[in-house]
Amino acid sequence: MTHLPDIDRQLLDAAIAQAEKSRSEGGIPIGAALATPDGTIVAQGHNLRVQSGDTTAHAETACMRNAGRRRDWHTLTMATTLSPCAMCSGAAVLHRIRRVIIGERETFQGREDWLAEAGIEVVLADDPKCRAMMEAFIKESPDLWNEDIGVPQQS
């Protein structure tokens, strides 16, 4: 586990709370939060794919939607409980988010390379709570997990 500065820890904890909220709603336990440089949380979101039926409603995109129209994306830090997929990494690159704190990437590694190539600072927290949440979910709901990450259904 990487030691995070307090401001980053608080942001990741907000993302973890969002992941837990999603799971309590019957959804996929992934959460995200956005903050200004002084640590003020401006938006939060959780994976809503199951709850809404929207395949693009990942935690990071839900968080960005909740942030609304902004001109300060380039100053924000996003914390996400899981390595962001191609869609969510692309959205972070598009909005020029400055930093992305990743809770864990053992259960799934997304397109962190895109973030780094775009000059976004990537901070890997290697958080055991994030990892345990995803491991338990994948074990309990492998079909739903495979649907979320785009693995074709076996016939």
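Refer to the structure presented above.
Here we summarise the structure given alongside this text.

Another point: the overall build of the protein. For the protein, the helix and strand inventory stands at seven helices and five strands. Ordered by position in the sequence, the α and β elements of the protein form the string α-β-β-α-α-β-α-β-α-β-α-α. When the backbone C-alpha atoms are referred to their principal axes, the protein occupies close to 45 × 30 × 30 Å. When the 155 residues of the protein are sorted by exposure, 46% land in the buried category. Residue pairs at least 24 apart in sequence account for 55% of intrachain contacts in the protein once pairs closer than 6 positions are excluded. Here the protein has roughly 7,700 Å² of accessible surface; of this, 50% comes from carbon and sulfur atoms. When the 16 basic and 22 acidic side-chain charges of the protein are each reduced to a single mean position, those positions are 5 Å apart.

Turning to the packing of helix H6 (residues 128-140) against helix H7 (residues 142-149), a few remarks are in order. Where H6 contacts H7, the two axes come as close as 5 Å, and the packing angle between them is 110°. As the angle between them shows, H6 and H7 are arranged roughly perpendicular. For the pair H6 and H7, the contacting residues are Met 134, Phe 137, Ile 138, Lys 139 and Glu 140 in the first and Pro 142, Leu 144 and Trp 145 in the second. In terms of residue class, the contact of H6 with H7 is made up of six nonpolar, no polar and two charged.

On to the side chain of Thr 77. Looking at the element boundaries, Thr 77 is found in strand S3 (residues 77-80). Overall, the relative accessible area of 4% leaves Thr 77 in the buried class. Separated by 3.3 Å, the side chains of Thr 77 and Arg 99 make a polar contact. The residues touching Thr 77, leaving out its near neighbours within four places in the chain, are Leu 11, Ala 33, Leu 34, Ala 35, Arg 98, Arg 99 and Ile 101.

Turning next to the pattern of salt bridges. Counted according to the given criterion, the structure contains 13 salt bridges. Here Glu 20 and Lys 129 are joined by a salt bridge, their closest N and O atoms 3.2 Å apart. With Glu 20 in helix H1 (residues 6-24) and Lys 129 in helix H6, this residue pair connects regions lying 109 residues apart in the sequence. Judged by its relative accessible area of 36%, Glu 20 falls in the partly exposed class. Residue Arg 23 pairs with Glu 140 through a salt bridge whose shortest N-O separation is 3.0 Å. Placement of Arg 23 in helix H1 and of Glu 140 in helix H6 is noted, with a sequence separation of 117 residues between them.

Rules used in this analysis
Residues numbered from 1 in each chain as written. Predicted model: local features only at pLDDT ≥ 70, side-chain atom pairs only at ≥ 80, totals over all residues. Heavy atoms only, no water. Helix = DSSP H or I, 4+ residues; strand = E, 2+ residues; numbered from the N terminus. Buried < 20%, exposed > 50% of the residue type's maximum accessible area, 1.4 Å probe, protein only. Contact = heavy atoms within 4.5 Å. Areas by Shrake-Rupley, 256 points an atom, 1.4 Å probe, with all protein chains shown as cover. Lys, Arg positive; Asp, Glu negative; His and termini not counted. Charge placed at Lys NZ, Arg CZ, Asp CG, Glu CD. Axes fitted to C-alpha atoms, helices over the stretch in contact; angles between N-to-C directions. Parallel < 35°, antiparallel > 145°, perpendicular 65-115°, else oblique. Nonpolar A, V, L, I, M, F, W, Y, C, P; charged D, E, K, R; others polar. Polar contact = N/O pair within 3.5 Å; in protein donor to acceptor, adjacent residues only side chain to side chain. Salt bridge = Lys/Arg side-chain N within 4 Å of Asp/Glu carboxyl O.

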